[in-house]
Amino acid sequence: MRSLVASGLVLWVGVTLVLSSTRWFARAPLAERLRPFGADPHVASRRPGLLSVESFRDVLRPAAAALGELVGRLTGSGDLATRLARVHSTLDPTEFRVRQVGRAAAGLLVGIAVTAVVRPPAAFALLLVLGLPSLGFLLTERALQRAEAARQQRLSTELPVIAEQLAMLLASGWSTGGALQRLAERGSGVAAQDLAVVVGRIRQGLGEGDALREWQELADVPAVDRLVAVLALQRATTDLGRLLADEAKAIRHDHHRRLIEELDTRAQKVWIPVTVATLIPGAIFLSIPFIEALRLFTGS
């Protein structure tokens, strides 16, 4: 009898512990019970159930993030957190990967639906089922790459002006930190946004040199490397303003040279279709008398 009571007691405790781990049985935490009486009583959080959207989201987010990271490594992309920070995105890597995998899943569903309705040949059906998810995944990755390239291009274009403004402020007696803060507050371009992050890191206790080196590694722009290298000489020289002015001229000269090279490349590409369009009709017209001459000499 005692063993039966003990077994029942152990069973009751075990069932209670198992059920307490499920959301539909467990009592709501104290923070959730007090939240409706907080600062905003109209925003009362509803505790998610066992099969709620929140529970599925909590389960799918890590899996989607891991899958997206694996495919991202296979495609050869760099660190996602660095790339998102480079474009000042509000998404974290997990949210980005979840969105990316969600678009791929939507493409998969569309491919399956089209295949079920149209019933194309096997090769075309396989292309739809595999191609649409890959397209959805790669389009999201491509959008991030284009945002990176556009931001780096704008930063490279704005740097000569930033360097000249730094030179004028330093020549007027401003400190390096004060000049960076003024440019971050008064500017409106991508360089000002990056400098705002640098100033924020300095306010957090990081040294000016370390904060500038973080910006250098994050931006991944050669002109930023050269500008940070000049700013690193502030303790070794008393004429930092002149060095920054010279560096601004050098950056502008390099940008002008790259622009001329790009224009020359575009001008050369224009002649490719013109040349092809000219050679093909010319070859056809030259082949006619050549064939007639061969017929004449062979007597056929």
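The rules behind each value
- Residues numbered from 1 in each chain as written.
- Predicted model: local features only at pLDDT ≥ 70, side-chain atom pairs only at ≥ 80, totals over all residues.
- Heavy atoms only, no water.
- Helix = DSSP H or I, 4+ residues; strand = E, 2+ residues; numbered from the N terminus.
- Buried < 20%, exposed > 50% of the residue type's maximum accessible area, 1.4 Å probe, protein only.
- Contact = heavy atoms within 4.5 Å.
- Areas by Shrake-Rupley, 256 points an atom, 1.4 Å probe, with all protein chains shown as cover.
- 1 Å grid on protein atoms, 1.4 Å probe; cavity = no way out; pocket = protein on both sides within 12 Å on 5 of 7 lines; lining within 4 Å.
- Points joined across faces, edges and corners; volume = space filled by probe spheres on them.
- Nonpolar A, V, L, I, M, F, W, Y, C, P; charged D, E, K, R; others polar.
- Salt bridge = Lys/Arg side-chain N within 4 Å of Asp/Glu carboxyl O.
- Axes fitted to C-alpha atoms, helices over the stretch in contact; angles between N-to-C directions.
- Parallel < 35°, antiparallel > 145°, perpendicular 65-115°, else oblique.
- Left-handed = near helix turned anticlockwise from the far one by under 90°.
- Expected span 1.5 Å × (residues − 1).
- pLDDT = per-residue confidence, 0-100.
- Core = buried A, V, L, I, M, F, W, Y, C linked by side-chain atoms within 4.5 Å.

Trainee: Got a minute to help me understand the overall build of the protein in this structure?
Mentor: Helices and strands together make up the secondary structure of the protein, namely 11 helices and 0 strands. Going from the N terminus to the C terminus, the protein shows its helices and strands as α-α-α-α-α-α-α-α-α-α-α. In the protein, which comprises 300 residues, the share counted as buried stands at 26%. Considering only intrachain contacts with a sequence separation of at least 6, the fraction spanning at least 24 residues in the protein is 58%. Of the roughly 20,300 Å² of accessible surface on the protein, a fraction of 65% belongs to carbon and sulfur atoms.

Trainee: Help me out: how do you make sense of the layout of surface pockets in this one?
Mentor: Where empty space is left in the structure can be found by rolling a water-sized probe over the atoms. Here the largest pocket defines a volume of roughly 240 Å³. Around the largest pocket sit 14 residues that line it, and Ile 162, Gln 165, Leu 183, Arg 186 and Gly 187 are the ones nearest its centre. Among the secondary structure elements, those contributing two or more residues to the lining of the largest pocket are helix 6 (122–171), helix 7 (176–186) and helix 8 (190–203). With 6 residues, helix 6 is the largest single contributor of residues to the lining of the largest pocket. The class makeup of the residues in the lining of the largest pocket is 7 nonpolar, 4 polar and 3 charged.

Trainee: I keep staring at empty space enclosed by the protein and nothing clicks. Help me out?
Mentor: A complete count under the given rule lists 1 cavity of 30 Å³ or more for this structure. Estimates place the volume of the largest cavity at around 70 Å³. For the largest cavity, the full set of lining residues is Ala 85, Arg 86, His 88, Arg 151, Gln 152, Leu 155, Asp 194, Trp 215, Leu 218 and Ala 219. Of the residues that constitute the lining of the largest cavity, the class distribution is 5 nonpolar, 2 polar and 3 charged.

Trainee: Hey, could you run me through the pattern of salt bridges in this one?
Mentor: On inspection of all chains with the given rule, the structure shows 14 salt bridges. A salt bridge links Arg 151 to Asp 194; its shortest N-O distance comes to 3.5 Å. Here Arg 151 is found in helix 6, whereas its partner Asp 194 is found in helix 8, with 43 residues between them in sequence. You'll find Arg 151 and Asp 194 in the same group, each marked buried. Members of the salt-bridge network, linked through shared partners, are Arg 83, Arg 86, Arg 97, Glu 141 and Glu 148.

Trainee: Whenever I open this one, the environment of Phe 96 confuses me. Can you help?
Mentor: Position of Phe 96 relative to the elements: it lies in helix 5 (residues 93–118). Take Phe 96: its relative accessible area is 7%, and that puts it in the buried class. In this structure, the C-alpha to C-alpha distance between Phe 96 and Glu 141, residues 45 residues apart in sequence, is 9.6 Å. The residues contacting Phe 96, other than those within four sequence positions of it, are Leu 80, Leu 84, Leu 91, Thr 140, Glu 141 and Leu 144.

Trainee: Before we go on, may I ask you to explain the packing of helix 6 against helix 7 in this structure?
Mentor: A pair of packed helices is characterised by two quantities: the angle between their axes and the separation of those axes. Direction vectors running N to C along helix 6 and helix 7 enclose 130°, while the axes themselves pass 10 Å from each other. As summarised for this structure, helix 6 and helix 7 are arranged oblique, according to the angle between their axes. Judged by the sense of rotation from one axis to the other, the crossing of helix 6 with helix 7 is right-handed. Contacts between helix 6 and helix 7 involve Ile 162, Gln 165, Leu 166, Leu 169 and Leu 170 from the first element and Thr 176, Ala 179, Leu 180, Arg 182 and Leu 183 from the second.

Trainee: Can you walk me through helix 11 (residues 240–298) in this structure?
Mentor: Since the α-helix turns once every 3.6 residues, residues separated by three or four places project in the same direction. The first and last C-alpha atoms of helix 11 sit 84 Å apart over 59 residues, in line with the 87 Å expected at 1.5 Å per residue. Those residues of helix 11 that sit buried are Leu 240, Gly 241, Leu 244, Glu 247, Ala 248, Ile 251 and Asp 254. Check the buried side of helix 11 and you find it contacts helix 6, helix 7 and helix 10 (222–231).

Trainee: Teacher, can you tell me more about the confidence of the model for the protein here?
Mentor: On average, the protein scores 77 in pLDDT, and the residues at 70 or more come to 75%. The least confident element of the protein is helix 3 (residues 53–74), whose mean pLDDT is 63; the most confident is helix 8, at 89. Across residues 39–53, confidence stays below pLDDT 50; counting only partners more than four residues off in sequence or on other chains, it has 17 contacts.

Trainee: For this particular structure, what's the right way to read the nonpolar core?
Mentor: One recurring pattern in soluble globular proteins is that nonpolar side chains are buried together. Grouped together as the largest cluster of nonpolar side chains are 32 residues, with contacts concentrated most on Leu 155, Leu 159, Leu 166, Trp 215, Val 224 and Leu 244. Broken down by secondary-structure element, the contributors of at least two residues to this core are helix 6, helix 7, helix 8, helix 9 (208–219), helix 10 and helix 11. In this view, Trp 215 contacts Leu 155, Leu 159, Asp 194, Leu 195, Val 198, Val 224, Leu 227 and Val 228; residues no more than four positions away in its chain are not counted.

Trainee: For this particular structure, what's the right way to read the packing of helix 6 against helix 10?
Mentor: It is at 10 Å that the axes of helix 6 and helix 10 come closest, and there the two elements cross at 20°. Judged on the interaxial angle alone, helix 10 and helix 6 are roughly parallel. Of the two elements, helix 6 crosses helix 10, and the hand of that crossing is left-handed. Two secondary-structure elements touch here, helix 6 through Leu 155, Leu 159, Ala 163 and Leu 166 and helix 10 through Ala 223, Val 224, Leu 227 and Leu 231. Residue classes in the contact of helix 6 with helix 10 are distributed as 8 nonpolar, no polar and no charged.

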